[in-house]
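Tertiary structure, described
Here's the letter readout for the chains.
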Amino acid sequence: MSLAQVHYTSAAPGDEGTAGRFTAVGPGVSGALLAEIEPLVRYELPGGVPDRPSDGELRALPQAFGYFLLSDGSRLVARSAPVRDAGGHAGPGVRFHAHAVHLPPGVPLPGDRLPVEAWRSPHWVAVTPSGAIPDPLTLPPGPAAVSEGLDDFAVSRGPWLAAVLADLRRASDAGASGDRPVVLVERQCADVARWLGLASVTLPRESAERLTFTTYTRRPEGSASRVVGVGPEDAAAARAAGLRVHACAGPPPAGDGPADAWAATAARVWRSRSPELFSEARELPGEPFAAGPLAVTALCAGVELGPDGRAAAAGWAADRPYALDAERTGQLVEALTSPAVDDRTGPEFDAAGRLFGALEGRCPASVTAPLAAMLVTEAVRGGNGSLELPRREAFAGPEGAEVAERLGPEILTELADTVGSRSVARTVQLLRVARLLGVDSKESLPGVVDRLAPALLAEAAAHDGPPGFAPALLELLDEQFEVRTALLGALDRIAPGGPGAVARFLERVTLPFTGTQALPHLRMCAEVPEAMATLGGDRAAVWHRVLRAAGLSPFAEPLVLRTAAGLVWEDRAPTVGEARLLLDAATSDAHRAAGTWARLVDAALGASAADPSAGGTSAGGTSAVDASAGGTSAAGTDEAAGLAHDLLRGFPEEIGGRERAGLHLLVLVRELRTGAPEPGWAERVRMLCAQAEPVEPVLRERAHAALVERLLAPDRPGAELYDFVHGDDAELIAAYDRAARTETVRARLRTQPAYAADCFTVWTAHPHAGRAWPPVAAALLDDVLRPAVRGMSAEAVAEVEETVGRTGSSGRADAFRDWNRVSALGRLGRRIAGRVRRG
């Protein structure tokens, strides 16, 4: 069919108010379409054009060749070219003429050519014809002029090639019609057309047809095309407008360009002058712009690719092991394993490992052997711990023997190194490769597992969740019985030193220790999470269950005591009741061997008033000492003191220093409360507290409370009181002051004249005993004793006075009368003052 042609000419100088006019319009082009076409074909001269350019200067001016999509679905192919003004008007001597061809919706170009192929058509005209002219889209058979020299052009634009192809691919996407254009900066508009020629070869046909363009414009920000060309003078304005600009007319860009595997591979194909590979690649299965098919085609054709391209090829072939014939499979493997390649990456090796797994058993060993050799060489020399290794059968032939001979000494040397740092993944990988290649590593195995066992715990604790080395480790233990036996034994040996860390590791990595090995400590570590979840806060029950999981008696293997205690009381001391349970579970020799006696000492010294095992208060209610100590239970003190007594007897050589003094202090506290301690106990309390520094606050509180309770008792020995007062221990005297002010002591003073007399004697007997005692005694006389005496009857006061005189001296009785008279006078004065106020 004949396509409608349109001609448009710019206004002549002097035609004010018009930009130009249509000089010829073919049939079927409506006025509405002409209004849409007019801004598309307008032309603006570049800057610096002389008023009267020479013929050479005129030919050097850019021509705008474009392909546009119109609102009704039709398309327009147009060329706007500058022409000399022949009208003889004053002013610039250059105008422009636009020649366009209108394509109705659904009508292809003649010969099913692409629009860019019409760039050099000889039928474009620069004047309005007087009659019919050939359709410029009707091209002669064979490649169009724009296709000639594309290889040379691609090589010359190598630094920009991958980035531009990536942007042209995105611009050709069906959903990119509303995006802003990609700007190509070239000195010659013909080079913009060549870029579009590269795209037409590289992209699938349907993508290339969506790529609307214009090879030259002064205003790229207002263009509706997906690709626009501009001269260097307009590049800055395009960048300022926020457009994606490729300055191909300037210096090469810095850096490696975008990380687009398809575009990078396409650029390599062009630089190798092999554009025919694009059509070959499109015959392979896969997404249109997946890098895999193109990379496979390129590698099989001998094109060198980078790591991303090789990884894409290996990954694609691994997913489709039947897509290539035997010849191309061999070519691909040869290219991937070429000794000349020295920039392989982790992802590339991972893809190669997947390819080996896909090809193994489907291809002859001679085809897959280079892949297997490359993978194990990387595992040994490259340190890729996550690499998927081949199976052992891959190294059964002569190729495997050659690899083993080359890598075996390196593996054994590194495994024997006990000085340098080596990650778990690295050690696991070396052991697995040694087995694959048949390298005997038994001699170095004990040292390897002794280093590997603690490293497992340390690396696992450094991260949340399952560690990255877990899958490879489990495969190693499944593959090699001797390694599994040695490693589990090493973990079992170190478990008593840090059972909590081992238990947390086993929660993340389920090790296979259900065989015949005893492994008592590992079994206990594996049991504790479920025991904790089932039994909750009953630590005694958890301890019994964990101990049973060991399968060994503490008498036969004392270290199970340490492991069980570490699992149940990892970061805290047992209570007194739990410590008693632990102590009674084995002999002192077993606890001595296990080192658990230290936990028992901590339990005794750290026993608190709120200890559930401490029992309730004494039958007599809360004593003065109880109140002063914040409710410390006498029964709890007795339990802790009983434990302390047994520990001092059971571990006399092990317990020393402050711990020994603290335990003796506990025993003394019990004796002060319940028995008759040896004389000198007041001084012993002070001495033991000093030796036990830093003494636990609860223990200090109990000792002080027991001491002052005994000193406030009616039958307290005078010698002990003398030692206490003259010891001038401010902290002890403060505890005495607090205890003397409790309601228990006040009630006793009010109701027992003999006790009141005794307290008067004590609180007035040592007026010059150090610095701490005199002010406390004076305050107790005024604040505690005086109110008690004031509330007594006259007979009771007389009894107090008589007792003071009988137990002390007549002078002491006179002192009491004087002290009491001052009190009475004070009462009388207050009574008189009250009457005066009432009067």
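A short tour of the structure in this document, coming up. (Residues numbered from 1 in each chain as written. Predicted model: local features only at pLDDT ≥ 70, side-chain atom pairs only at ≥ 80, totals over all residues. Heavy atoms only, no water.)

1. Points about the side chain of Ser 225
The line we're drawing: Only DSSP runs of H or I covering at least 4 residues are called helices, and only runs of E covering at least 2 are called strands; the numbering of each starts at the N terminus. In what follows, a contact means two residues having at least one pair of non-hydrogen atoms within 4.5 Å.
The topology assignment puts Ser 225 in the loop between strand E7 (213-214) and strand E8 (227-230). Ignoring any residue separated from it by four or fewer positions in sequence, one finds Ser 225 in contact with Tyr 67, Phe 68, Pro 181, Thr 212, Phe 213 and Thr 214.

2. Observations regarding the packing of helix H5 (residues 189-202) against helix H8 (residues 261-271)
Formally: To get an axis, a line is fitted to the C-alpha atoms, and for a helix only the part in contact is used. The angle between two axes follows their N-to-C directions and goes from 0 to 180 degrees. Roughly parallel here means an angle under 35 degrees, roughly antiparallel means over 145, roughly perpendicular means 65 to 115, and every remaining angle is called oblique. By the convention adopted, Pro, Cys, Tyr, Trp, Phe, Met, Ile, Leu, Val and Ala count as nonpolar, Lys, Arg, Asp and Glu as charged, and the other residues, Gly among them, as polar.
Two numbers describe how H5 lies on H8: the axes approach to 12 Å, and their chain directions differ by 105°. Here H5 lies roughly perpendicular to H8, going by the angle between them. On H8, the residues touching Leu 198, Val 201 and Thr 202 of H5 are Trp 262, Ala 266 and Trp 270. Considered class by class, the residues forming the contact of H5 with H8 number 5 nonpolar, 1 polar and no charged.

3. Thoughts on the nonpolar core
As a reminder of what qualifies: Nonpolar cores were defined as sets of buried Ala, Val, Leu, Ile, Met, Phe, Trp, Tyr and Cys residues, with membership established by side-chain atoms within 4.5 Å. The buried label applies to any residue whose accessible area, calculated with a 1.4 Å probe on protein chains only, is under 20% of its type's maximum; exposed applies above 50%, and partly exposed to all values in between.
Core analysis: the biggest nonpolar cluster contains 246 residues, and Leu 473, Phe 724 and Trp 763 have the highest contact counts within it. Discounting residues that sit within four places of it in the chain, Phe 724 has contacts with Ala 682, Leu 707, Leu 711, Leu 732, Ile 733, Tyr 736 and Trp 773. Ala 235, Leu 243, Val 245 and Ala 249 belong to the second largest nonpolar core, which has 9 residues in total.

4. Brief notes about the pairing of E8
Basically, it comes down to this: DSSP bridges decide pairing: two strands pair if at least two such bridges lie between them.
Neither face of E8 is left uncovered, since the one carrying Val 227 and Gly 229 and the one carrying Val 228 and Val 230 both have all their residues buried. In this structure, strand E6 (residues 182-185) lies alongside E8, joined through 4 bridges in parallel fashion. Within the sheet, the bridge partner assigned to Leu 184 lies in E8 and is Gly 229. Across 2 bridges, E7 lies against E8 in parallel orientation.

5. What about the packing of helix H4 (residues 158-171) against H8?
As a reminder, the rule being used: If you view the pair so one helix is near and one far, a crossing is left-handed when the near helix is turned anticlockwise from the far one by less than a right angle, and right-handed when it is turned clockwise.
H8 packs onto H4 with a crossing angle of 130° between their chain directions and a minimal axis gap of 8 Å. Relative to H8, H4 is oriented oblique. Judged by the twist between their axes, the crossing of H4 over H8 is right-handed. Touching Gly 158, Leu 161, Ala 162, Leu 165, Ala 166 and Arg 169 of H4 are Trp 262, Ala 263, Ala 264, Ala 266, Ala 267, Trp 270 and Arg 271, all from H8. For the contact of H4 with H8, a count of residues per class yields 10 nonpolar, 1 polar and 2 charged.

6. Examining the sheet that holds strand E9 (residues 244-247)
Paired through their backbone hydrogen bonds, the strands of a sheet run either parallel or antiparallel. Pairing in this open sheet of 9 strands is mixed, and the strands run E2-E1-E5-E4-E3-E7-E8-E6-E9 from one edge to the other. A single partner strand is all that each edge strand has here, and the edge strands are strand E2 (20-25) and E9. Of the strand pairs in this sheet, strand E3 (residues 64-69) and E7 are connected by 2 bridges, and their pairing is antiparallel. Across the sheet, residue Tyr 67 finds its bridge partner in E7, namely Phe 213. Packing of H4 onto the sheet brings it into contact with E6, E8 and E9, and relative to E9 it is tilted by some 150°.

7. Quick word on the pattern of salt bridges
Convention followed: The term salt bridge refers to a pairing of a side-chain nitrogen on Lys or Arg with a carboxyl oxygen on Asp or Glu at a separation within 4 Å.
For the coordinates displayed, the defined rule picks out 45 salt bridges. The salt bridge partner of Glu 479 is Arg 432, with a shortest N-O separation of 2.9 Å. In this pair, Glu 479 sits in helix H18 (residues 470-479) while Arg 432 sits in helix H16 (residues 424-436), placing the two residues 47 residues apart along the sequence. Residue class for Glu 479 comes out partly exposed when judged on its relative accessible area of 28%. By relative accessible area, which is 8% here, Arg 432 ends up buried. A salt bridge links Asp 814 to Arg 817; the nearest nitrogen and oxygen atoms lie 1.9 Å apart. You can see Asp 814 and its partner Arg 817 sitting in helix H38 (residues 810-838), 3 residues apart, about one turn around the helix. In this structure Asp 814 comes out as partly exposed when scored by relative accessible area, which is 34%. Given a relative accessible area of 30%, Arg 817 falls into the partly exposed group. Residues joined by salt bridges that share partners form a network here, namely Arg 157, Glu 186, Asp 191 and Arg 194.

From the geometry alone we can't say anything about function, so treat these as descriptive.
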